[in-house]
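Chain and residue survey
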Amino acid sequence: MFDKLDDILLRYEEIMNQLSEPDVANDTNRFRKLMKEQSDLAPIVEAYKEYKQAKQNIEDSLAMLEEESDEEMRELAKEELNESKEKVEELENKLKILLLPKDPNDDKNVIVEIRAGAGGDEAALFAAEIYRMYVHYAEGRNWKVETMECEEIGIGGMKNVTFMITGQGAYSVMKYESGVHRVQRVPETESGGRIHTSTITVAVMPEAEEVDIQIDEKDIRIDVMRASGNGGQCVNTTDSAVRLTHYPTGIVIYSQTEKSQLQNKDKAFALLRAKLYDIECQKAKDAEAEARRSQIGTGDRSEKIRTYNFPQGRVTDHRINLTLYKLDKIMNGDIQEILDALIAADQTAKLAKMNE
């Protein structure tokens, strides 16, 4: 590990030297790549420098204990020694986590697709609530949310909704939300007061650039039509809606959220690229079944990951056996505690796998 850290330190110094060269700023691509690499390595370098300083402090404290006869100074040296030993242990664990192989999609924006499952109207109402939960969470992190597709029902529910979250590292945290979310509560339409169980599915896909996925024009049919549903002025009066059909996979994308046909076409293609890229990622994960099993539920869409129990005011994440009794706050977007626990569990599982 320490050989690798020394190599990273040398590479970081090389990058800093290159960034100080006057010609680098003129080459936009090279400058961007160097800045990205510098940003990725900076936390590792910072932690490693702290680690080396703590190791030096241990040596200095031991030397002082050997040379010093004054009891008060010896106590100070012992205190410094214990603190430095604790810091070394803490930083060793931190460095191991920082050196874990990084998911290449972690820095990407995400496209989230929520679909009502079992439970009829109640599932559609819950889908709308989970959508709002993610919107509140994203806004709390100053991320941008843009709706791409939405099929609403008259009572305020959503059969399905697809939206993009744009923000640094969005995929690195949102990827843990993929799976089946279950709600247990008494629906407003239930006169007998019986608790019903409904489900929705959440799919989180990294945004795919054109370089990630090439789409052959021969594989696509593009249809334009008049938008339907509640669109407001202009939306229903022009042929602005776009439907893409991808022949090889059978995927159909319908986009009508914008007034402009061009904007709807761009959104439809962005969603198609993300779905095709997601299929490729799933194939790669299936090929590495053992590695996938060692991760904390970031892939299997059929996996029941979480239950929201309204009568008891609790939310349980089944992957890590975490139960929190703050349902109202969570439904209002306060999901960071759950995400942090999932990230920590995922890192622990990966570290254990590395140590086998």
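The text that follows walks through the structure, step by step, so that each part is easy to find. All figures in this text were calculated on a predicted structure; none of them were measured in a lab.

Focus on the overall build of the protein chain
- A tally of regular secondary structure across the protein chain gives nine helices and eleven strands.
- A total of 356 residues make up the protein chain; the buried ones form 42% of that total.
- Of the contacts made within the protein chain by residues no fewer than 6 positions apart, 61% connect residues no fewer than 24 positions apart.
- Of the roughly 19,800 Å² that the protein chain leaves accessible, carbon and sulfur atoms contribute 47%.

Regarding the nonpolar core
- Formed by 38 residues in total, the largest nonpolar core has its most connected members in Val112, Ile114, Ile130, Tyr134, Ile165, Met174 and Tyr308.
- Those elements giving two or more residues to this core turn out to be β1 (110–116), α4 (120–140), β3 (158–166), α5 (170–174), β5 (196–206), α8 (327–331) and α9 (336–355).
- For this core, the element with the highest residue contribution is α4, accounting for ten residues.

Here's the deal with the sheet that holds strand β6 (residues 220–225)
- With respect to topology, three strands assemble into an open sheet ordered β6-β7-β8, the strand pairing being antiparallel. Both edges of this open sheet fall to β6 and β8 (251–255), since each of them pairs with a single strand only. Mean inter-strand twist for the sheet, computed between neighbouring axes without regard to direction, equals 15°.
- Where β6 meets strand β7 (residues 241–246), six bridges bridge the pair, whose relative direction is antiparallel. In the sheet register, Ile220 faces β7, and the bridge partner there is His246.

Description of the layout of surface pockets
- Space inside the largest pocket adds up to approximately 760 Å³.
- Lining the largest pocket are 26 residues, with Ile97, Leu98, Leu100, Lys102 and Asp106 sitting closest to its centre.
- Among the elements that make up the lining of the largest pocket, the one with the highest residue count is helix α2 (residues 28–67) (five residues).
- By residue class, the composition of the lining of the largest pocket is twelve nonpolar, five polar and nine charged.

Quick notes on the environment of Asn93
- For Asn93, the location among the structural elements is in helix α3 (residues 71–98).
- On a C-alpha basis, the gap between Asn93 and Leu351 in space is 9.6 Å, while along the polypeptide they are 258 residues apart.

So, the packing of α2 against α3
- Close contact between α2 and α3 brings their axes to 8 Å; oriented N to C, the two are set at 155°. On the basis of the axis angle, α2 is roughly antiparallel to α3. You can see that α2 and α3 cross each other, and the crossing is left-handed.
- The class makeup of the residues in the contact of α2 with α3 is 17 nonpolar, three polar and nine charged.

Reading guide: rules and limits
- Residues numbered from 1 in each chain as written.
- Predicted model: local features only at pLDDT ≥ 70, side-chain atom pairs only at ≥ 80, totals over all residues.
- Heavy atoms only, no water.
- Helix = DSSP H or I, 4+ residues; strand = E, 2+ residues; numbered from the N terminus.
- Buried < 20%, exposed > 50% of the residue type's maximum accessible area, 1.4 Å probe, protein only.
- Contact = heavy atoms within 4.5 Å.
- Areas by Shrake-Rupley, 256 points an atom, 1.4 Å probe, with all protein chains shown as cover.
- Core = buried A, V, L, I, M, F, W, Y, C linked by side-chain atoms within 4.5 Å.
- Pairing = 2+ DSSP bridges.
- Axes fitted to C-alpha atoms, helices over the stretch in contact; angles between N-to-C directions.
- 1 Å grid on protein atoms, 1.4 Å probe; cavity = no way out; pocket = protein on both sides within 12 Å on 5 of 7 lines; lining within 4 Å.
- Points joined across faces, edges and corners; volume = space filled by probe spheres on them.
- Nonpolar A, V, L, I, M, F, W, Y, C, P; charged D, E, K, R; others polar.
- Parallel < 35°, antiparallel > 145°, perpendicular 65-115°, else oblique.
- Left-handed = near helix turned anticlockwise from the far one by under 90°.

Geometric values such as these leave the question of function open.
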